[in-house]
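Structural overview for review
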Amino acid sequence: MSRLFGTDGVRGLANGLLTAELAMQLAQAAAVVLGHDRNSNGTRPRAVVARDPRASGEFIAAAVEAGLSSSGIDVYDAGVLPTPAAAYLVADLDADFGVMISASHNPAPDNGIKFFARGGQKLPDDVEDAIEAQMSKEAVRPVGSDVGRIQRFSDAEDRYIVHLLGTLPHNLEGIRVVLDCAHGAASGCSPQVFKDAGADVIVIGAEPDGHNINDGVGSTHLGPLKEAVLKYGANLGIAHDGDADRCLAVDHEGNVVDGDQIMAILAVALKKSGKLKDDVLVATVMSNLGLKIALRQAGITIRETAVGDRYVLEEMRDGGFNLGGEQSGHVIFADYATTGDGVLTGLQLAAQIALTGKPLKELATVMTKLPQVLINVKGVDRTRAGSNEVLAQAVAAAEAALGDTGRVLLRPSGTEPVVRVMVEAADEETAHSIAEHLAQVVRAELALELVSE
């Protein structure tokens, strides 16, 4: 059987892959692995449960809470909140673990279940495997006074907002911001915390009906945010995704400021204030080369990881670093959060505008994005991408031609017969030319029909 857990929990079509029965089974297994097996103080284990506003989240949350409480776990139902809020509340409540029900930026029919261990930490693969293994065993079924209780976590949002406000280096008075909440989990708390911080707030995409999450709005559809920023003369716009663990921005002229640029702005600011641990930023191999060049000039080192925020988190934990993230807008402030937090990131970015008095467009000039071309070469044998000599020679030649002015990255897909060719160069024409040439070599050398000969 294939592994149930993916790169970010269990995700799929609600009532397709992700049924109420599966949700209850997962919860009962997690109750043992994350609750009873790890709780040694003699009290009943406690779990925080939150969700985004998808309609299916209602029945999935009910199934999860039933599975947990029937297994002897006390449940604190936090309602609709961002993923990073759920992680924070696990730590703040000193709960044994947490459950977030969300499919992030996926369409409304999808949903997902992810778990957080004590302290709000993401689970390593071996713990996820233990939960899967436990699902095939008999569930724990206490009786009488030993069954778990379910209660509303009534001040969950307030706790999260107070926490976020406590991270700000400067209030946001005089800053006009447009917030696009993607009709998602941040629709309530993000506008509230920006208002509490002193900003003049215009809100779009904050009317969730259970079916409109990520529908033409949010971080995957920036058009409405650009229009609103220009219409209202805002200093900046902030876009969240469905569960608000990411943040992309738009400056006062409607230009997109992506995760790399946001990390550059914040890394330089933290270094200047002496708060960037070891003067290191952790980013993935997909971050633009311009980020590395800019930070090198600022005296900041980049530690690169594989693509995925879990790998960024691992590197940050292993090295004790306090800032990292991805081009997609997952930015992790380890001093304040255990996972990417789009609301926190937006607040910190807006605070830099207020603190420096500089517009976001000027702050973003701290780095120059190199033209980046990505070609997905389909229908090839991805398994031979790292061993084909002709391809290796072509990549070496391209890297020699680019020198310090660009780079080449070949990434085989983890699941499909696809090899991704990414080239960065000083100009768009060079990037396209080299990328197209390497894509042709990949097609010629890794064509699937060659395997059957």
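Here the structure is a predicted model, which is why all the values come from computation and not from measurement.

1. Digging into the overall build of the protein
From N to C terminus, the protein includes 15 helices and 19 strands. Taking 453 residues into account, the globule formula puts the C-alpha radius of gyration at 22 Å, and the protein, at 23 Å, falls close to it. On the principal axes, the C-alpha backbone points of the protein span a range of 75 × 65 × 40 Å. Relative to its 453 residues, the protein shows a buried fraction of 56%.

2. With respect to the side chain of D110
With respect to the helices, strands and loops of the structure, D110 is situated in strand β5 (residues 110–117). Within the buried set, D110 has no salt-bridge partner at all; the shortest N-O distance to an opposite charge, 6.1 Å, is to R54. The contact partners of D110, leaving out residues within four places of it in the chain, are G12, L13, A14, R54, S56 and A103.

3. Regarding the UniProt feature "domain: Alpha-D-phosphohexomutase alpha/beta/alpha" (unreviewed entry) in the protein
In the UniProt entry, the feature "domain: Alpha-D-phosphohexomutase alpha/beta/alpha" (unreviewed entry) is given for residues 3–138, 159–254 and 258–368. Spanning residues 159–254, this segment combines 26% helix with 21% strand, and its end C-alpha atoms are found 33 Å apart. Note that residues 258–368 is 48% helix and 14% strand, and that its end C-alpha atoms are spaced 12 Å apart.

4. Let's talk about helix α2 (residues 56–70)
Given 3.6 residues to a turn, an α-helix orients residues that are three or four positions apart in the same direction. Here α2 spans 21 Å end to end across 15 residues, near enough to the 21 Å set by a 1.5 Å rise per residue. Buried within α2 we find S56, G57, I60, A61, A63, V64, E65, G67, L68 and S69.

5. Notes on the sheet that holds strand β14 (residues 301–305)
The sheet built from four strands is open, its strands ordered β14-β13-β15-β16 with mixed pairing. Lying at the two open borders of the sheet, with one neighbouring strand each, are β14 and β16 (331–333). When strand polarity is set aside, the average angle formed by the axes of neighbouring strands in this sheet is 20°. Pairing of strand β15 (residues 323–325) with β16 involves three bridges; the strand directions are antiparallel. Bridge pairing in β16 places G325 opposite V331. Along the sheet, helix α9 (residues 289–297) makes contact with β13 (280–284) and β14, crossing β14 at roughly 150°.

6. Some points on the pairing of β14
Relative to β14, β13 runs parallel, the two being bridged by five bridges. Bridging from a neighbouring strand, A283 pairs with E304 of β14. Once you follow β13 into α9 and on to β14, the crossover reads as right-handed.

7. Structural notes on the pattern of salt bridges
Tallied over the full model, the rule gives 24 salt bridges. Between D94 and R118 there is a salt bridge, with its nearest N and O atoms 2.8 Å apart. Taken as a pair, D94 in the loop between α3 (83–93) and β4 (97–101) and R118 in the loop between β5 and β6 (121–122) lie far apart in primary sequence, 24 residues in all. Judged by relative accessible area, R118 falls into the partly exposed class, the value being 38%. Two residues, R159 and D155, come together in a salt bridge whose shortest N-O distance is 3.2 Å. Judged by its relative accessible area of 28%, R159 falls in the partly exposed class. Owing to a relative accessible area of 30%, D155 belongs among the partly exposed residues under this scheme. By sharing partners, the salt bridges in this structure join D8, R11, K114, K122, D243 and D309 into a single network.

8. Concerning the sheet that holds strand β9 (residues 200–204)
Within a sheet, neighbouring strands are paired by backbone hydrogen bonds and run either parallel or antiparallel to one another. Taken together, the five strands give an open sheet; going across it, the order is β9-β8-β10-β11-β12, and neighbouring strands pair in mixed fashion. Single-partner strands in this sheet number two, and they are β9 and β12 (256–257). As paired strands, strand β10 (residues 236–240) and strand β11 (residues 247–251) are joined by five bridges and run antiparallel to one another. Among the inter-strand pairings, A239 is bridged to a residue of β11, identified as L248. Where helix α11 (residues 342–356) meets the sheet, its contacts fall on β10 and β11, and the angle it forms with β10 comes to roughly 170°.

9. Remarks on the packing of helix α1 (residues 20–36) against α2
Packing of α1 against α2 leaves a shortest axis separation of 7 Å and a crossing angle of 35°. For the element pair α1 and α2, the recorded crossing hand is right-handed. Seen from α1, the contacting residues are A20, A23, M24, A27, Q28 and A31; seen from α2, they are F59, I60, A63, V64, A66, G67, L68 and S70. In terms of residue class, the contact of α1 with α2 is made up of eleven nonpolar, three polar and no charged.

What counts, and where the lines are drawn
Residues numbered from 1 in each chain as written. Predicted model: local features only at pLDDT ≥ 70, side-chain atom pairs only at ≥ 80, totals over all residues. Heavy atoms only, no water. Helix = DSSP H or I, 4+ residues; strand = E, 2+ residues; numbered from the N terminus. Rg over C-alpha atoms; globule rule 2.2 N^0.38 Å. Buried < 20%, exposed > 50% of the residue type's maximum accessible area, 1.4 Å probe, protein only. Lys, Arg positive; Asp, Glu negative; His and termini not counted. Salt bridge = Lys/Arg side-chain N within 4 Å of Asp/Glu carboxyl O. Contact = heavy atoms within 4.5 Å. UniProt positions renumbered as here; feature names shortened; annotations may be inferred. Expected span 1.5 Å × (residues − 1). Pairing = 2+ DSSP bridges. Axes fitted to C-alpha atoms, helices over the stretch in contact; angles between N-to-C directions. Right-handed = clockwise from strand over helix to strand, strands pointing away. Left-handed = near helix turned anticlockwise from the far one by under 90°. Nonpolar A, V, L, I, M, F, W, Y, C, P; charged D, E, K, R; others polar.

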